[in-house]
Amino acid sequence: MTIPSKKNILSRKVQEIPLSGIRKFFDLIAAKDDVISLGVGEPDFVTPWHIREAATYSIERGQTHYTSNFGLLELRREIALHLHNRYGVNYDPENEILVTVGVSEALDLAMRALLNPGDQVIGQEPSYVSYFPNVHLAGGTFVPVPTSMENGFHIDPQAIVERTTDATRALILASPNNPTGSVLPRSDLISIAEIAKDNDLVVISDEIYDRLTYDTEHTCFASLPGMQERTLLMGGFSKSYAMTGWRIGYVAGPAEIIEGMMKIHQYTVMSAPTAGQYAAIEALKNGEPDIIEMHDEYKRRRHLIVDKLKSIGLSCAEPEGAFYAFPSVEQTGLTSIEFAGKLLEEESVAVVPGSAFGESGEGHVRCCYAVSIHEIEEALDRMGRFVKNHSSNGR
Ligand code: PLP
């Protein structure tokens, strides 16, 4: 179907953002049989039964209506309790917590609530694919701080200082990080907190992978001295509870910003899915053993994938969190898009080109290890063969 208009029908902003490099790739995968996918960033586990059951009961009880725009008060209370018990931070469930359609919506709301045209948001790179489009669609400019494998993909606080201008409004941090798996050390976060204070910045702290760290403690940014009043703490259920399809997340922060975000939320989505909110209450009340079990399984898989990547000759920083390995493919002489494309074509293994996560992701591919041990072994055998065939140094 062609639109009968000579004008460009889409807004300039929409034309200026790319389709997600991840999604583009998945259209290719769908057309192929026998693919082992290390591509999609979601748990292979099904949501634990008692959580599904809680949602089913809510539907059976007829709890099928909109909830408060902020989300069910019972859920907000559980979130507040969880944040208090885990990180010692205190939020008022009445007006300092907003339940959102995943962290995805929280990110979009934050940018639209905070930014005026021309405002800048500094963020680490490689980073989650939404940050740049969210900032851009809100009229701002995303200012990347490149990180590299050599320093474990940790952001250098000094590099933030160097990029801070009068137009800088906010800082976005993701620890643990997608796609690199890096976890920012507490000492770096303390330095970043100083920078935020000195330059009067809001810190958007995407902590969706907070429960998935290995051998490293997660630091909740809002728990650092003086930070709660300038932090938007974002958390969710998708990753640690295997609840991607339920679309529930939350943001906790100063009432004034939360109210601004809620205004947009009430006019766009009204309230997060009701059955999903009941599921989230059950997850917070009784889901701890499930989190631990899944965490330990990811940890086993992480060891396996990192060992295997190294054994096939790809260097890889030890992922400290989330469920991604981000090896370098430079030695093959292929760009990350070529590597991913040819690997899919020749060996039916899907990985995501690092360039999808920003320029500094080039030279790497993202391998999600939230798949079975058997699939990791088979995928890495195939990748080993591929690397051997393509190594520019004749390995
Ligand atoms: N933030 C990061 C760093 C992610 O990796 C993802 C999903 O991959 C999201 C946010 C979005 O998560 P949600 O399912 O809660 O929208």
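Please refer to the structure higher up on the page.
Keep in mind the model is a prediction, meaning the values are calculated, not measured. (Residues numbered from 1 in each chain as written. Predicted model: local features only at pLDDT ≥ 70, side-chain atom pairs only at ≥ 80, totals over all residues. Heavy atoms only, no water.)

1. Let's talk about the pattern of salt bridges
And step 1. What the rule picks out here adds up to 16 salt bridges.
And step 2. A salt bridge links Arg-302 to Asp-215; the shortest N-O distance between them is 3.0 Å. Of this pair, Arg-302 sits in helix H11 (residues 288–311) while Asp-215 sits in the loop between strand S6 (202–206) and strand S7 (231–236), placing them 87 residues apart in sequence.
And step 3. The buried category is assigned to Arg-302, whose relative accessible area is 1%.
And step 4. Among the salt bridges present, the one from Lys-308 reaches Asp-381, with a minimum N-O distance of 3.5 Å. Here Lys-308 is found in helix H11, whereas its partner Asp-381 is found in helix H13 (residues 373–390), with 73 residues between them in sequence.
And step 5. According to the relative accessible area criterion, Asp-381 is partly exposed, its value standing at 43%.
And step 6. One connected set of salt bridges, linked through shared partners, spans Asp-215, Lys-299, Arg-302, Lys-310 and Glu-318. (Salt bridge = Lys/Arg side-chain N within 4 Å of Asp/Glu carboxyl O. Helix = DSSP H or I, 4+ residues; strand = E, 2+ residues; numbered from the N terminus. Buried < 20%, exposed > 50% of the residue type's maximum accessible area, 1.4 Å probe, protein only.)

2. Concerning the site of the ligand
And step 1. Close to the ligand lie Gly-102, Val-103, Ser-104, Tyr-128, Tyr-131, Asn-178, Asp-206, Ile-208, Tyr-209, Ser-238, Lys-239 and Arg-247.
And step 2. Ser-104 places a side-chain nitrogen or oxygen 2.5 Å from an oxygen atom of the ligand.
And step 3. Within the contact set of the ligand, an oxygen atom lies 2.6 Å away from a side-chain nitrogen or oxygen of Ser-238.
And step 4. Burial of the ligand by the protein chains amounts to 94% of its free accessible area of 400 Å².
And step 5. If one sorts the elements of the shell around the ligand by residue count, helix H5 (residues 102–114) sits on top with three residues.
And step 6. Among the residues making up the shell around the ligand, the classes are represented as five nonpolar, four polar and three charged. (Near = heavy atom within 4 Å. Polar contact = N/O pair within 3.5 Å; in protein donor to acceptor, adjacent residues only side chain to side chain. Areas by Shrake-Rupley, 256 points an atom, 1.4 Å probe, with all protein chains shown as cover. Nonpolar A, V, L, I, M, F, W, Y, C, P; charged D, E, K, R; others polar.)

3. Concerning H5
And step 1. In this model H5 runs 19 Å from its N-terminal to its C-terminal C-alpha over 13 residues, within 8% of the 18 Å that 1.5 Å per residue would give.
And step 2. In terms of residue burial, H5 counts as a mostly covered element, since 10 of its 13 residues are buried.
And step 3. Within H5, the full set of buried residues consists of Gly-102, Val-103, Glu-105, Ala-106, Leu-107, Asp-108, Leu-109, Ala-110, Met-111 and Leu-114. (Expected span 1.5 Å × (residues − 1).)

4. So, the sheet that holds strand S3 (residues 120–125)
And step 1. Taken in spatial order, the seven strands line up as S2-S8-S7-S6-S5-S3-S4 in an open sheet, and their pairing is mixed. Among the strands making up the open sheet, the edge pair consists of strand S2 (97–100) and strand S4 (141–146). Taken over all neighbouring pairs, the strand axes of this sheet differ in orientation by 20 degrees on average, direction set aside. (Pairing = 2+ DSSP bridges. Axes fitted to C-alpha atoms, helices over the stretch in contact; angles between N-to-C directions.)

5. Concerning the sheet that holds strand S11 (residues 352–353)
And step 1. Read from one edge to the other, the open sheet built from three strands follows the order S9-S12-S11, with strand pairing classed as antiparallel. At either margin of the open sheet sits one strand with a lone partner, and together these are strand S9 (324–325) and S11.
And step 2. Relative to strand S12 (residues 365–368), S9 runs antiparallel, the two sharing two bridges. Within S12, the position partnered with Tyr-324 by the bridge is Cys-368.

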